[in-house]
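# A closer look at the structure
So the chains spell out like this:
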Amino acid sequence: DTEVTQTPKHLVMGMTNKKSLKCEQHMGHRAMYWYKQKAKKPPELMFVYSYEKLSINESVPSRFSPECPNSSLLNLHLHALQPEDSALYLCASSYASGSFYEQYFGPGTRLTVT
Amino acid sequence: QQQVKQSPQSLIVQKGGISIINCAYENTAFDYFPWYQQFPGKGPALLIAIRPDVSEKKEGRFTISFNKSAKQFSLHIMDSQPGDSATYFCAASTENSGYALNFGKGTSLLVTP
């Protein structure tokens with residue numbers, strides 16, 4: 001089973017709201033990733049967690065706050081977002097943070113900021 | 001700066017034909033090259049991947065060709081089917097960046113009946 005699940009599927013939020021995106025995998029993977037994808041563009045890396053520790057932050061604004069409560073779960077907390085943050089937010093996982101470990105993506109959360 | 005350049009941006013192929021998508025890179029530290037397929041409204045799905053010690057890898061109708069000296073790699077889809085119509089992304093990664101994926105801009109493939 002190579003399934004990564006993400007909830008919610010769709011989210012509409014105002015610029016003053018606080019919301020969270022959730023990602024879960026039960027493949028025993030120890031690396032988890034957040035990507036942002038705008039329409040007709042490739043995914044862009046936001047954060048990498050390796051063994052539940054944040055290992056890469058691609059200079060993401062502080063209004064995005066990742067959290068990895070355990071090895072199966074990854075959250076992305078959202079606060080005071082801007083309309084340009086509207087995008088598909090993708091979670092991915094891999095066995096470990098290594099090149100020969102394939103990354104498996106979830107279906108994404110479609111976020112609209114109004 | 002786009003570290004992986006992908007072409008063409010879009011491609012139309014007749015059913016049964018061969019679809020070819022090309023990618024080029026500059027960073028010689030890249031050591032893992034996957035291809036992803038993405039349907040509208042879905043997350044990318046890993047199709048096939050190659051490492052630079054191999055020049056070709058085939059899985060079913062999908063083949064990656066890799067030219068290390070030219071720093072190029074390509075995806076060939078044999079006997080293309082309408083169900084293959086999707087966006088395809090090449091990517092590359094290296095230990096220097098924690099093996100995070102650097103994606104090409106994507107190719108929108110349409111296979112006509």
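Refer to the structure printed above.
### Focus: the interface of chain B and chain A
Taken together, the contact between chain B and chain A spans 21 residues of the former and 19 residues of the latter. Both faces combined, the contact of chain B with chain A buries some 1,500 Å², and carbon together with sulfur accounts for 62% of it. Considering only the surface of chain B that becomes buried against chain A, Pro-44, Tyr-99 and Phe-103 of chain B emerge as the three largest contributors, covering 27% of it. At the junction of chain B with chain A, the criterion picks out 3 residue pairs in polar contact (both at pLDDT 80 or more). Looking at the side of chain B that touches chain A, its residues break down into 9 nonpolar, 8 polar and 4 charged.

### Describing the nonpolar core
Among the nonpolar cores identified, the biggest contains 24 residues, and Phe-33, Trp-35, Phe-73, Leu-75 and Tyr-88 of chain B are the most heavily contacted of them. When contributions to this core are tallied by element, the ones reaching two or more residues are strand 2 (10-14), strand 3 (19-25), strand 4 (33-38), strand 5 (45-50), strand 7 (62-67), strand 8 (72-77), strand 9 (86-92) and strand 11 (107-112) of chain B. It is strand 9 of chain B that provides the largest number of residues to this core, a total of 4 residues. Dropping the residues within four chain positions of it, Phe-33 of chain B is found in contact with Tyr-25, Ile-48, Ala-49, Ile-50, Pro-52, Ile-64, Phe-66, Phe-73, Ala-91 and Ala-92 of chain B. Residues Trp-34, Leu-76, Tyr-89 and Leu-111 of chain A belong to the second largest nonpolar core, which totals 23 residues.

### What to know about the pattern of salt bridges
For the structure shown, the criterion picks out 8 salt bridges over all chains. A salt bridge links Glu-59 of chain B to Lys-57 of chain B; the nearest nitrogen and oxygen atoms lie 3.7 Å apart. Residue Glu-59 of chain B is classed as partly exposed on the basis of its relative accessible area of 37%. The network of salt bridges with common partners includes Lys-36, Arg-63 and Asp-85 of chain A.

### Considering the packing of aromatic side chains
Applying the stated rule across the entire model yields 16 aromatic pairs over all chains. Both rings, one in Tyr-35 of chain A and one in Phe-105 of chain A, keep their centres 5.2 Å apart while their planes meet at 45 degrees; by these two values the pair is tilted. Of the two residues, Tyr-35 of chain A is situated in strand 4 (residues 31-37) and Phe-105 of chain A in strand 10 (residues 104-105); the sequence distance between them amounts to 70 residues. Across the pair, exposure class does not vary: Tyr-35 of chain A and Phe-105 of chain A are buried alike. On the basis of an interplanar angle of 70 degrees and a centroid distance of 5.8 Å, the ring pair of Trp-35 of chain B and Phe-73 of chain B is categorised as edge-to-face. Highlighted residues: Trp-35 of chain B in strand 4 and Phe-73 of chain B in strand 8, separated in sequence by 38 residues. Classification of Trp-35 of chain B by relative accessible area gives buried; the value is 0%. A network of ring pairs unites the aromatic residues Tyr-33, Tyr-35 and Phe-105 of chain A together with Tyr-36, Phe-89 and Phe-103 of chain B as a single cluster.

### Let's talk about the sheet that holds strand 1 (residues 4-7) of chain B
All names here are of chain B. The sheet built from 5 strands is open, its strands ordered 1-3-8-7-6 with antiparallel pairing. Strands at the two margins of the open sheet, each flanked by one partner only, are strand 1 and strand 6 (56-59). Across the sheet, the mean angle from the axis of one strand to that of its neighbour is 15 degrees, orientation sign disregarded.

### Brief notes about the state of the cysteines
All names here are of chain A. Taken as a whole and judged by the stated rule, the model has 2 disulfides over all chains. For Cys-23, the disulfide goes to Cys-91, at an S-S distance of 1.9 Å. A torsion of -70 degrees about the S-S bond marks the disulfide between Cys-23 and Cys-91 as left-handed. In this pair, Cys-23 is assigned in strand 3 (residues 18-25) and Cys-91 in strand 9 (residues 87-94), connecting sequence segments 68 residues apart.

### Quick notes on the pairing of strand 2 (residues 10-13) of chain A
Residue and element names in this part refer to chain A. Burial of strand 2 is one-sided: the residues Leu-11 and Met-13 facing one way are buried, the residues His-10 and Val-12 facing the other way are not. With 4 bridges joining them, strand 2 and strand 11 (residues 109-113) adopt parallel strand pairing. Paired with Val-12 across the two strands is Thr-112, which belongs to strand 11.

About the cut-offs
- Residues numbered from 1 in each chain as written.
- Chains lettered and ligands numbered in written order.
- Predicted model: local features only at pLDDT ≥ 70, side-chain atom pairs only at ≥ 80, totals over all residues.
- Heavy atoms only, no water.
- Contact = heavy atoms within 4.5 Å.
- Buried area = accessible area lost by both parts, 1.4 Å probe.
- Polar contact = N/O pair within 3.5 Å; in protein donor to acceptor, adjacent residues only side chain to side chain.
- Nonpolar A, V, L, I, M, F, W, Y, C, P; charged D, E, K, R; others polar.
- Core = buried A, V, L, I, M, F, W, Y, C linked by side-chain atoms within 4.5 Å.
- Buried < 20%, exposed > 50% of the residue type's maximum accessible area, 1.4 Å probe, protein only.
- Helix = DSSP H or I, 4+ residues; strand = E, 2+ residues; numbered from the N terminus.
- Salt bridge = Lys/Arg side-chain N within 4 Å of Asp/Glu carboxyl O.
- Phe/Tyr/Trp six-rings, centres within 6.5 Å; stacked < 30°, edge-to-face > 60°.
- Pairing = 2+ DSSP bridges.
- Axes fitted to C-alpha atoms, helices over the stretch in contact; angles between N-to-C directions.
- Disulfide = S-S within 2.5 Å.

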